[in-house]
Number of protein chains: 2
Amino acid sequence: MGKTNKYCFAICLLTSIVINILFTINLYVGGGGGGGGLSWSEKAAAEAEAVAAISCSGHGRAYVDGSINSEGRPVCECYNCYTGIDCSQISPTCAADADSGDPIFLEPFWMQHATNSAILISGWHRMSYRYEDNPFMSTELENYIRKMHSVVGNAITEGRYIVFGIGSSQLLSASVYALSSQNSSSPPTNVLASIPFYPMYRGQTVFFNSESFQFEGDTNAWRLNNSTNDMDVVEFVTSPNNPDGELKKPVLGGKTIYDHAYFWPHFTPIPAPSDHDLMVFTLSKLTGHAGARFGWAVIKDKDVYERVSKYIEVADLGISKDTQSRVLKLLKVAVEGDGKPLFEFAYNKMRDRWDRLTSVFSKSTRFSIQHRHPLHCNFFNQTRLPSPAYAWVKCEREEEEDCTAVLQAGNIIGRNGNVFGAKDRYIRLSLIKSQDDFELLMQRLTELVSLENGSIETM
Amino acid sequence: MGKTNKYCFAICLLTSIVINILFTINLYVGGGGGGGGLSWSEKAAAEAEAVAAISCSGHGRAYVDGSINSEGRPVCECYNCYTGIDCSQISPTCAADADSGDPIFLEPFWMQHATNSAILISGWHRMSYRYEDNPFMSTELENYIRKMHSVVGNAITEGRYIVFGIGSSQLLSASVYALSSQNSSSPPTNVLASIPFYPMYRGQTVFFNSESFQFEGDTNAWRLNNSTNDMDVVEFVTSPNNPDGELKKPVLGGKTIYDHAYFWPHFTPIPAPSDHDLMVFTLSKLTGHAGARFGWAVIKDKDVYERVSKYIEVADLGISKDTQSRVLKLLKVAVEGDGKPLFEFAYNKMRDRWDRLTSVFSKSTRFSIQHRHPLHCNFFNQTRLPSPAYAWVKCEREEEEDCTAVLQAGNIIGRNGNVFGAKDRYIRLSLIKSQDDFELLMQRLTELVSLENGSIETM
């Protein structure tokens, strides 16, 4: 027995020592000190995780490039109405800010997909002005954009050209340049949009003050006074429309720029793939990454494509390659599972918000919101209501012509209808901001509507 | 003795087992499977390191967003004249391409600073359109730009406004808009630049075809025929100049846009901080990150600043926040050691290249390059020669009017002088590309110059 014990002891000791050696090898050869095989990238990764772990009470966010506090860490950047070092204090009298179309409602999705949506960019990443094939555009990214449209079924891209821009914003003006009169002796091209329309169409066209085009206002009003026979026109068709979410068709039947920023399943049923000559999309309203500044145009005609590309080249020699790398990462996540995880998350959020909104407004005669009509959606394969990014609210009382003032008195900030060329009795309320923002908006709207049935009414 | 042996055995076994337990704890608790405390960021970091480790024989680079080969890995993107899966094969008859100002000569610096220059961007990083304070610009980044100028001593920024743009490219046209006539009834502002000048000044001004300004060509020629008394002018002053590297002053004494893209110690002595009303800089020529598309303007006048900011807002709602985060990381490395590591690296490279270039051209009567005059440099605290980004080569033989053709016959590609408004007997050769590119350029130039003394001369 004694000999057996000694033998077992020896075997155990030997085995244990071998395991020690293997662990040691793993520690020093496998990981360079950090474990897991990382070396130069570990510091940046650790920094990102440390910043992500900073608690802002769920009411704000810290970022790797944020202002640094006295402890040497980025500060919490609080959501609207929240303050304090950790964003835990709410200002009770703060206004519900529903002005901007800031798509933060999608932030939780990306936090749930942290691993696959992160990207580490090296110090020497893509220093050159040019890619190998297309000088200013990532081929891989273009492939994924086509894949995205194919998965969602919202646009024909086969046989079409694609151009990237800094948000759809840049592509809107690039498109106007590309479609406007190229002949210097011709009168300027008339640029039109149907009220209510996204104010940037007018803003850009007027600002750039080109000899080649001029903004002529509302399409329907213009049509009453002019004929397209002798005149060169370019019509913006925004579908779904901003601010009211309606699917639109052209009025004139001539050259069009289709602004499809919101033509995604979380905002509207997708009845069929869009098949127009020039269609503009933006990442901001697809994945929520408005800060990345990335959009694209899908173009049928080669000459138009070349003119749009030329615009981008002349304006700024193409968009940031860092951004293109990041967008590629994000789209790889977005197309997973045929897009269902992303769009189900997003649509469920929008649908819930519209359910609650509709419920509040159903109790009101003072205010109304846009009617929504059910339509078959190819993506979700069901008939469903639209769930637009904005509520287009109307003050119904004759004496209440300034709806912005009415809602301001109820401690709600929206965007005045006149910004969109409509009357002041309309106001746009954003439904795509953070959950905090939406909850506060619902609270204020509920209070405001409840006053309609109360004895004391405020203006 | 037997008892002592048993005792030692027992202690050794116990110690070994305890060590194994500690290793096991470290493996599973310390790292979540990977070690080093990382979780969601590890995959992205590992991916970046794996791609960086792909061997392209030193004659190319693989990137995380590159095209994917059959093994599922990004392909090597080879430098000019190199081919093959790992870029190891050189095409012996390939032309030396010295056309573009692609600043790849700085790539090795960033590879040496891999740890500190990497950035990991989370999937939810800065989704909003706006920052907390300035809507479109990172305050931290603005601070580092001011710090950079302070460290180098090449521009006064105190009391000045800063605006970011997509490369200096975008800020050049933004500046023209901002400085041009704001009165629609006034004649268009005359935009001028001194030959030889960077073609984008003309290209943009003509392309945007605004009613507010027009490009009127060479400043000196214009001055002979016009008076500034009654006319509104804006003059581009490029210092150092592109293509010839000269430090320039304005000709007219009116409104100016100073293009200081190359006003850094690796290209020119810094005699004093520049102190002009509107100065434009670009990251491309400071750190070499042309692909990031980042530039900035330093502006004295508040109205001008607001107009330039307005342009950026109207054009594209500000530049990518991903890019701004990355640039901040890069500038933090660039200002380390008061900028000495970066600028010594860069200046040594440029000086060596100029030494070799001068040596080759000293043997030639057929070709000449620009004269360089020593000047005191505040940054390096010495009198030194400029080391411009480009050689401005002239074909001296009367019959050789087309220098581009002459060099093409010597298997060298450059940029024709006429692109800069100069004669065809000038050609610009880029000296800031990769070491491979420069070596090939030197080889071809040496061959070409050696022919001058040979018996058989080719055209």
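Residues numbered from 1 in each chain as written. Chains lettered and ligands numbered in written order. Predicted model: local features only at pLDDT ≥ 70, side-chain atom pairs only at ≥ 80, totals over all residues. Heavy atoms only, no water.

A. Representation of the overall build of chain A within the structure. Summing up its helical and strand segments, chain A has 14 helices and 20 strands in all. The buried share of chain A, taken over its 459 residues, is 57%. Intrachain contacts of chain A at a sequence separation of at least 6 include 67% that bridge at least 24 residues. As presented, chain A carries roughly 18400 Å² of accessible surface, and 52% of it is formed by carbon and sulfur atoms. Chain A carries 42 positive and 51 negative side-chain charges, and their two centres are separated by 6 Å. (Helix = DSSP H or I, 4+ residues; strand = E, 2+ residues; numbered from the N terminus. Buried < 20%, exposed > 50% of the residue type's maximum accessible area, 1.4 Å probe, protein only. Contact = heavy atoms within 4.5 Å. Areas by Shrake-Rupley, 256 points an atom, 1.4 Å probe, with all protein chains shown as cover. Lys, Arg positive; Asp, Glu negative; His and termini not counted. Charge placed at Lys NZ, Arg CZ, Asp CG, Glu CD.)

B. Fine view of helix α10 (residues 302–316) of chain A. All names here are of chain A. For α10, built from 15 residues, the straight-helix expectation of 21 Å at 1.5 Å per residue is met to within 8% by its first-to-last C-alpha distance of 21 Å. Where α10 is concerned, the buried positions are V304, Y305, V308, Y311, I312, V314, A315 and D316. Two or three places before D303, at the opening of α10, D301 has a side-chain oxygen 3.0 Å from that residue's backbone nitrogen. Backbone geometry just downstream of α10 places L317 in the positive-phi region, at approximately 55°. (Expected span 1.5 Å × (residues − 1). Polar contact = N/O pair within 3.5 Å; in protein donor to acceptor, adjacent residues only side chain to side chain.)

C. A look at the pattern of salt bridges. Tallied over the entire structure, the rule returns 34 salt bridges over all chains. The closest approach of N and O atoms between R126 of chain B and E77 of chain A, which form a salt bridge, is 2.8 Å. Of this pair, R126 of chain B sits in the loop between β6 (119–121) and α5 (139–152) while E77 of chain A sits in strand β2 (residues 77–78), on two different chains. Its salt-bridge partner being K300 of chain A, residue D275 of chain A comes within 3.9 Å of it at the nearest N-O pair. (Salt bridge = Lys/Arg side-chain N within 4 Å of Asp/Glu carboxyl O.)

D. View of the packing of α10 of chain A against helix α7 (residues 200–208) of chain B. Two elements in contact, α10 of chain A and α7 of chain B, have axes separated by 10 Å at closest approach and are oriented at 135°. Relative to α7 of chain B, the element α10 of chain A is oriented oblique. As α10 of chain A packs across α7 of chain B, the resulting crossing turns out to be left-handed. Each of R307, K310, Y311, E313, V314 and A315 of chain A in α10 of chain A lies in contact with α7 of chain B, whose residues at this interface are M200, G203, Q204, F207 and F208 of chain B. (Axes fitted to C-alpha atoms, helices over the stretch in contact; angles between N-to-C directions. Parallel < 35°, antiparallel > 145°, perpendicular 65-115°, else oblique. Left-handed = near helix turned anticlockwise from the far one by under 90°.)

E. Examining the packing of aromatic side chains more closely. Counted according to the given criterion, the structure contains 56 aromatic pairs over all chains. The interplanar angle of 75° and the centroid separation of 5.0 Å between the aromatic rings of F379 of chain A and F380 of chain A together place this pair among those described as edge-to-face. Relative to Y311 of chain B, the ring of Y177 of chain B lies with its centre 5.1 Å away and its plane at 45°, an arrangement referred to as tilted. Of this pair, Y177 of chain B sits in helix α6 (residues 167–179) while Y311 of chain B sits in helix α10 (residues 302–316), placing them 134 residues apart in sequence. Through a chain of ring-to-ring contacts, the aromatic side chains of F164, W264, F281, F294, W296, F343, Y347, F379 and F380 of chain A assemble into a single cluster. Across from the ring centre of Y390 of chain A, 3.7 Å away, lies the NZ or CZ of R428 of chain A, which sits over that ring. (Phe/Tyr/Trp six-rings, centres within 6.5 Å; stacked < 30°, edge-to-face > 60°. Lys NZ or Arg CZ within 6 Å of the ring centre and 35° of its normal.)

F. Unusual backbone geometry, seen in detail. The omega angle of the peptide bond from S239 of chain A to P240 of chain A is 0°, so this bond is cis rather than trans. Within the secondary structure layout, P240 of chain A lies in the loop between β10 (233–238) and β11 (255–259). In this structure, the amide linkage connecting I195 of chain B to the following residue, P196 of chain B, adopts the cis form with an omega of -5°. By secondary structure assignment, the location of P196 of chain B is in the loop between β8 (189–193) and α7. A positive phi is found at N411 of chain A, a non-glycine position, where the angle reads about 65°. Within the secondary structure layout, N411 of chain A lies in the loop between α13 (403–409) and β18 (412–413). In the Ramachandran plot, D338 of chain B falls in the positive-phi region, its phi being about 55° despite a non-glycine side chain. In this structure, D338 of chain B sits in the loop between α11 (321–334) and α12 (340–361).

G. Representation of helix α7 (residues 200–208) of chain A in the model. Residue and element names in this part refer to chain A. Turning to α7, its buried residues number three or more, namely M200, Y201, Q204, T205 and F208. Buried residues of α7, seen end-on, are gathered within an arc of 120° and therefore sit on one face of the element. Positive backbone phi, approximately 45°, marks N209, located one or two places after α7. (Arc of directions from axis to C-beta.)

H. View of the interface of chain A and chain B. The interface is formed by 109 residues belonging to chain A together with 109 residues belonging to chain B. Both sides together, the interface formed by chain A and chain B hides about 9400 Å², and carbon and sulfur atoms give 58% of it. Looking at the side of chain A facing chain B, the largest losses of area belong to D65, W124 and M127 of chain A, adding up to 9% of the total buried there. Broken down by element, the residue count for the side of chain A that touches chain B peaks at 12 residues, all from helix α1 (residues 2–29) of chain A. The residue makeup of the side of chain A that touches chain B, split by class, is 49 nonpolar, 37 polar and 23 charged. Pairing between strand β6 (residues 119–121) of chain A and β6 of chain B: 3 bridges, direction antiparallel. (Buried area = accessible area lost by both parts, 1.4 Å probe. Nonpolar A, V, L, I, M, F, W, Y, C, P; charged D, E, K, R; others polar. Pairing = 2+ DSSP bridges.)

I. How the structure looks around the state of the cysteines. Residues and elements named next belong to chain A. The tally for this structure, following the rule as stated, stands at 8 disulfides over all chains. In this model, C78 is linked to C87 through a disulfide, with the two sulfur atoms separated by 2.1 Å. Disulfide C78 to C87: torsion about the S-S bond roughly -85°, handedness left-handed. For C78, a relative accessible area of 18% translates into the label buried. Each sulfur in the disulfide pair C81 and C94 lies 1.9 Å from the other. On the sign convention where negative means left-handed, the S-S torsion of about -75° between C81 and C94 marks this disulfide as left-handed. One end of the pair, C81, is in the loop between β2 and β3 (82–83); the other, C94, is in the loop between β4 (89–90) and β5 (96–97), with 13 residues separating them in the sequence. Judged on exposure class, the residue C81 and its partner C94 are both buried. (Disulfide = S-S within 2.5 Å.)

J. Molecular detail of the sheet that holds strand β9 (residues 213–218) of chain A. Residue and element names in this part refer to chain A. Pairing is mixed across the open sheet formed by 7 strands, whose spatial order is β7-β13-β12-β11-β10-β8-β9. One side of each edge strand has no neighbouring strand; the edge strands of this open sheet are β7 (161–165) and β9. Each strand of the sheet is rotated relative to its neighbour by a mean of 25°, with strand direction disregarded. As judged from the 2 bridges shared by β11 and strand β12 (residues 278–282), these two strands associate in the parallel manner. Bridge pairing in β12 places Y258 opposite M279. Relative to β12, helix α6 (residues 167–179) is tilted by about 165°, and along the sheet it contacts β7, β8 (189–193), β9, β10, β11, β12 and β13 (295–299). Most of the contacts of α7 go to β9, to which it runs at about 150°, and overall it touches β8, β9, β10 and β11.

K. The pairing of strand β20 (residues 426–430) of chain A, seen in detail. Residue and element names in this part refer to chain A. Counting buried residues in β20 gives 4 out of 5 residues, a clear majority hidden from the surface. Pairing analysis gives 5 bridges linking strand β17 (residues 390–395) to β20, with the strands arranged antiparallel. The partner of V393 across the bridge, within β20, is I427. In terms of strand pairing, strand β19 (residues 415–416) meets β20 through 2 bridges, oriented antiparallel. When the bridges of β20 are listed, N416 appears paired with I427.

L. Representation of the domain arrangement of chain A in the model. Domain boundaries assigned for chain A yield domain 1 (3–94), domain 2 (139–337) and domain 3 (339–453). With centres defined by C-alpha atoms, the gap from domain 1 of chain A to domain 2 of chain A works out at 43 Å. (Domains from an automatic or database assignment.)

M. Looking closely at the packing of α6 of chain A against α10 of chain A. Residues and elements named next belong to chain A. Direction vectors running N to C along α6 and α10 enclose 125°, while the axes themselves pass 9 Å from each other. Comparing the axis directions of α6 and α10 gives the class oblique. As α6 runs across α10, the sense of the crossing is right-handed. Each of Q170, L171, S173, A174, S175, Y177, A178 and L179 in α6 lies in contact with α10, whose residues at this interface are V304, R307, V308, Y311, I312, A315 and D316.

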